[in-house]
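Listed below, chain by chain, are the residues.
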Number of protein chains: 2
Amino acid sequence: MSVLTLQPIGFIRTGKQVKFQALHQPSEQQPEHNLLELLPDQNYEQALRDLAGFSRVWLVWWFHRTTTWRTQVIPPRGPAQSRGVFATRSPHRPNPIGLTPVALIAIEGRTLILGECDLLDGTPIFDLKPYVPAYDSFPDERAGWIEAVDALMASPPLFNVQFSPLATTQAEWLRATWQIDFSPRLQELLVRDPSPHRTRRIRRRQDDLFEIGCGAWRAFFTVNGHQVTVTALDAGFPLRFLTDPKREGLPDGAAQLEFLARWPQP
Amino acid sequence: MSVLTLQPIGFIRTGKQVKFQALHQPSEQQPEHNLLELLPDQNYEQALRDLAGFSRVWLVWWFHRTTTWRTQVIPPRGPAQSRGVFATRSPHRPNPIGLTPVALIAIEGRTLILGECDLLDGTPIFDLKPYVPAYDSFPDERAGWIEAVDALMASPPLFNVQFSPLATTQAEWLRATWQIDFSPRLQELLVRDPSPHRTRRIRRRQDDLFEIGCGAWRAFFTVNGHQVTVTALDAGFPLRFLTDPKREGLPDGAAQLEFLARWPQP
């Protein structure tokens, strides 16, 4: 059977190395700008002609960090339930092609200045297409299980989340000293469903103690009926990683070293 | 630089071998249904789970009949003006990937029953994604030159099209005998702009005589100020093709043979 081989036309620069990375920097409230640099010496400048008249473009891109496909996946939002991969936007598809409509802010030479998008830094881009409302916009389509999850997310949360005195002290120190704050993300996840979940990075550690990962950090919590108590925060990397010169430049590495000096890992 | 190799997950059956093919069968007014058959033995049945709850899906597909890319193309509609290929949906892209949202009517095993779409029969499909209005629908985006062309198409036409007595007789015979009618398509093109155009298949044959191709047929016309006169219709294939046993099964071949028996090529 014939196959098609694709070569990137360029790579996007978003500054996001991992999912959720932008979450703990609430001080950077300026609108997000991302850069798409097309490759030189391909005459892409001419191919971009007339595109500036469109206010949004489709990016067709490569889930380049994904190497497997699965028939079913557990989506990050909503109940921990498997869905057919074709009914999701998951990267684990037979052909790892991503599709994202982004705001087109400006074009300078062969660089596009784009609005918000959640592509990881360095994602290879295969194609740009103009977003044409007459062809692409169907506001009234039914969206199956995603509608159901949206309705669930809009309903009042089931769980109440409180921080222990230790967790409160740790969160305040992180905010004041490092401008790092992942409490909103913790809240958002735990008020809905604190049960173990792979993509939400929730694991059971002991009978009544759970752990949740948030970017390079984590937190421990207990569940009592509808009451979730965050007992402690923790660095995501062990001390031996943070002090290993071969692993220099770990995200939030300096903050984690100081955190562990104050609150050594149990 | 790394490259990505794609393998089709299936092939679409639309019955359309060439562009405009469906145009001359106005008697078939039932809504169009197209079939996408996913390949067997790949567990795609499981990957389709939950997709039936969506009323529209994105097809990501291969412009498999296109082998070249061009920085600029002349779109089929509107003035005969070049546009950067990234500002169009033209097949002549660096990576020949097509993107089409189609109505999802039903799923039976690994076959999807889809609504209208203009993919050619046998087009390889690489991916299916659910159409999610919250992610995909932006009705108010600006669409640059396409908006301008739409406005032009909505304005009163500049040319008046009439058929000569011979062309009228030929069109009536085709309609009555073969249920073939490409006059609406001729009208649509010629009232806007009868000037030579590659993708509209209009060519100058002599100083004051033009030819236009419509599927497997063609027509000759003259232009006098704002008056276009269709002087004659003609078979698109020469007699030597139509009688060549090696070329059996040419579109509308039988009709063209009879047409040429009545109106031999000039």
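Please read all numbers here as calculations on a predicted model, not as lab measurements.

Participant: Can you walk me through the pattern of salt bridges in this structure?
Facilitator: Side-chain pairing between opposite charges can occur once the charged atoms of the two side chains come close. Per the stated rule, a full pass over the model turns up 32 salt bridges over all chains. Among the ionic pairs, E211 of chain A bridges to R218 of chain A, the shortest N-O distance being 3.5 Å. Given a relative accessible area of 6%, E211 of chain A falls into the buried group. Its salt-bridge partner being R203 of chain B, residue E211 of chain B comes within 3.5 Å of it at the nearest N-O pair. Judged by relative accessible area, which is 47%, R203 of chain B ranks as partly exposed. In the salt-bridge network here, residues are joined through shared partners; they are R203, R205, E211, R218 and D234 of chain A.

Participant: I'm lost on unusual backbone geometry in this one. Help?
Facilitator: For residues other than glycine, phi is negative in most cases, and the peptide bonds are mostly trans. Of note, Q179 of chain A is a non-glycine position whose phi angle comes to about 55°, a positive value. Mapping Q179 of chain A onto the fold places it in the loop between α4 (165-178) and α5 (183-190). One non-glycine residue, N43 of chain B, adopts positive backbone phi at about 65°. The topology assignment puts N43 of chain B in the loop between β3 (34-38) and α1 (44-47). With a relative accessible area of 42%, N43 of chain B lands in the partly exposed category.

Participant: In this structure, what is going on with the packing of α4 of chain A against helix α7 (residues 253-262) of chain A? I would like to understand it.
Facilitator: The axes of two packed helices give the description: the angle between them and the distance between them. Residues and elements named next belong to chain A. Where α4 meets α7, the closest approach of the two axes is 12 Å, and the angle between their N-to-C directions is 140°. For the element pair α4 / α7, the angle class is oblique. Here α4 and α7 pass one another in a crossing that is right-handed. Every residue of α7 that contacts α4 at Q170, W173, L174 and W178 is listed here: A254, A255, E258, F259 and R262. For the contact of α4 with α7, the per-class residue count stands at six nonpolar, one polar and two charged.

Participant: What is the right way to look at the environment of T67 of chain B in this model?
Facilitator: Inspection of the secondary structure puts T67 of chain B in the loop between β4 (56-62) and β5 (72-73). Here the alpha-carbon distance between T67 of chain B and R93 of chain B, two residues 26 residues apart in the chain, equals 9.3 Å.

Participant: How should I be thinking about the sheet that holds β3 of chain B in this particular structure?
Facilitator: The strands making up a sheet associate through backbone hydrogen bonding, with each pair oriented either parallel or antiparallel. All names here are of chain B. Taken together, six strands build a closed barrel; the order of strands is β2-β3-β8-β7-β4-β9 and the barrel is antiparallel. Here the strands of the sheet are splayed against their neighbours by 45° on average, with no regard to which way each runs. Summarising the sheet, strand β2 (residues 10-13) and strand β9 (residues 124-130) pair through two bridges and their orientation is antiparallel. Bridge pairing links F11 to P124 in β9.

Participant: What is the right way to read the confidence of the model for chain A from this model?
Facilitator: Note that predicted coordinates carrying low pLDDT should not be read in detail. Here chain A averages 90 in pLDDT, while 94% of its residues score no lower than 70. Scored below 50 in pLDDT, residues 20-28 of chain A makes 14 contacts in the model with residues more than four places away or belonging to other chains.

Rules and cut-offs
- Residues numbered from 1 in each chain as written.
- Chains lettered and ligands numbered in written order.
- Predicted model: local features only at pLDDT ≥ 70, side-chain atom pairs only at ≥ 80, totals over all residues.
- Heavy atoms only, no water.
- Salt bridge = Lys/Arg side-chain N within 4 Å of Asp/Glu carboxyl O.
- Buried < 20%, exposed > 50% of the residue type's maximum accessible area, 1.4 Å probe, protein only.
- Helix = DSSP H or I, 4+ residues; strand = E, 2+ residues; numbered from the N terminus.
- Axes fitted to C-alpha atoms, helices over the stretch in contact; angles between N-to-C directions.
- Parallel < 35°, antiparallel > 145°, perpendicular 65-115°, else oblique.
- Left-handed = near helix turned anticlockwise from the far one by under 90°.
- Contact = heavy atoms within 4.5 Å.
- Nonpolar A, V, L, I, M, F, W, Y, C, P; charged D, E, K, R; others polar.
- Pairing = 2+ DSSP bridges.
- pLDDT = per-residue confidence, 0-100.

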